[in-house]
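# Examining the three-dimensional arrangement
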Amino acid sequence: MKYTMLGTTKIPQIAVGTWSWGTGPMGGSQIFGSHLQETDLKPVFDRALQMGCTLWDTAPVYGMGAAETILGHLGHGNPALQLSTDFLPVALQRQCAMERSLDRSLYRMGTDHAELFWIHAPRNIAKWTRALIPLLASGKLRYAGVCNHTLSEIKAADRILRQAGFRLAAVQNHYSLLYRVPEETGILQWCRQNGAVFFANMVLEQGALTARYTPTQPMPKRTRRGRAYPPMVLKRLEPLLSLMERIGQKHRADAAQIAIAWAIAKGTVPIVGMTKPHQVCSDALAVHIRLTRDEITQLEQEADRTGVKIPGPWEKELCPQ
């Protein structure tokens, strides 16, 4: 594994995402068409640790606590684990709701602190950013970040934290070959200039950039990703996937590894969902792929030619018209 720095902490260049873990509302069955439980995921977890994947990204909403609970059972308080979770602001919540949410997450994960804690949505930025300050001071969280924020909202959150002697350590948004809004809006540049780590989610577009799905072998029906990437959209991706596989042959890599390597080459930490031991081995090895500048340009140009750019329903306001 290769590493980067989050503040003064060394973290892997890939974070493991747990959105597909567990079932229930907003869990793996509803979003991905999977039904992964603890016994299914233990080999994945063990292999990930063997590969040096110690940073795990989760959220209370993933299966309504299921993903955090599974992670807690598998981790058993392992001190090597670096845990990342979040808080989703909802209208009319009191400020103490953030601490209660964090405490419940820590209980489910069997730990006394989160390495990284995110505000998931930009609702009432002043109120919720200030709510981070006592939690940072207490040590319940070591670093704070924001998700799904625009550049102006990121700057506002950072100003509030700096006034209290802290800083915004990380930003997380949707970022992939097909969706480069954080680059187009200056967020990546701001992160580089201000020492914040940018975490890229949806790097594989829920499987659309892995070449595992085709118009004749589509994603599971009646799932979020199946609705976002129906056969007609997968058809439009075929030239890009073909290029990814050709570039991959030069690096002894598959399409998914090329998508991950591209995100790393752009200076981000991709959050990658891993559901099988062989995927862990393959995805983790992407940190060793060094794409050339010409290959990056080719990939981005071919991605643009697809005309496919699908924001999540929660982020349409982030996408420039």
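The notes below deal with the structure included here. The model shown is predicted, which means the values in this text are computed figures rather than measured ones.

What counts as what
Residues numbered from 1 in each chain as written. Predicted model: local features only at pLDDT ≥ 70, side-chain atom pairs only at ≥ 80, totals over all residues. Heavy atoms only, no water. Buried < 20%, exposed > 50% of the residue type's maximum accessible area, 1.4 Å probe, protein only. Helix = DSSP H or I, 4+ residues; strand = E, 2+ residues; numbered from the N terminus. Pairing = 2+ DSSP bridges. Right-handed = clockwise from strand over helix to strand, strands pointing away. Polar contact = N/O pair within 3.5 Å; in protein donor to acceptor, adjacent residues only side chain to side chain. Contact = heavy atoms within 4.5 Å. Axes fitted to C-alpha atoms, helices over the stretch in contact; angles between N-to-C directions. Parallel < 35°, antiparallel > 145°, perpendicular 65-115°, else oblique. Left-handed = near helix turned anticlockwise from the far one by under 90°. Nonpolar A, V, L, I, M, F, W, Y, C, P; charged D, E, K, R; others polar.

## Thoughts on the pairing of strand β5 (residues 82-87)
Each regular strand displays side chains that alternate between the two surfaces of the sheet. Counting buried residues along β5, six of its six residues qualify, which places the element largely inside the surrounding structure. Every second residue of β5 is oriented toward a common face, with Gln82, Ser84 and Asp86 on one face and Leu83, Thr85 and Phe87 on the other, all of them buried. With three bridges connecting them, strand β4 (residues 55-57) and β5 associate as parallel partners. Looking at the pairing, Asp57 lines up with Ser84 of β5. When β5 meets strand β6 (residues 114-119), the two strands line up parallel, connected through four bridges. By the bridge assignment, Thr85 is partnered in β6 with Phe117. Since β5 and β6 lie parallel, the crossover through helix α4 (residues 97-109) that links them has a hand, and here it is right-handed.

## As for the side chain of Glu300
Checked against the element boundaries, Glu300 lands in helix α14 (residues 293-306). Its relative accessible area of 13% is what places Glu300 among the buried residues. Polar contacts involving the side chain of Glu300 include one to the side chain of Lys266, which spans 2.8 Å. Discounting chain neighbours no more than four positions away, the residues touching Glu300 are Leu177, Arg180, Trp262 and Lys266.

## Focus: the packing of helix α6 (residues 151-163) against helix α8 (residues 187-194)
Where α6 contacts α8, the axes come no closer than 10 Å and their chain directions differ by 25°. Of the possible angle classes, the one that applies to α6 and α8 is roughly parallel. α6 and α8 meet at a crossing whose hand is right-handed. Note on element contacts: α8 touches α6 through Ile187, Trp190 and Asn194, opposite Leu151, Ile154, Lys155, Asp158 and Arg162. Here the residues of the contact of α6 with α8 are counted per class, giving four nonpolar, one polar and three charged.

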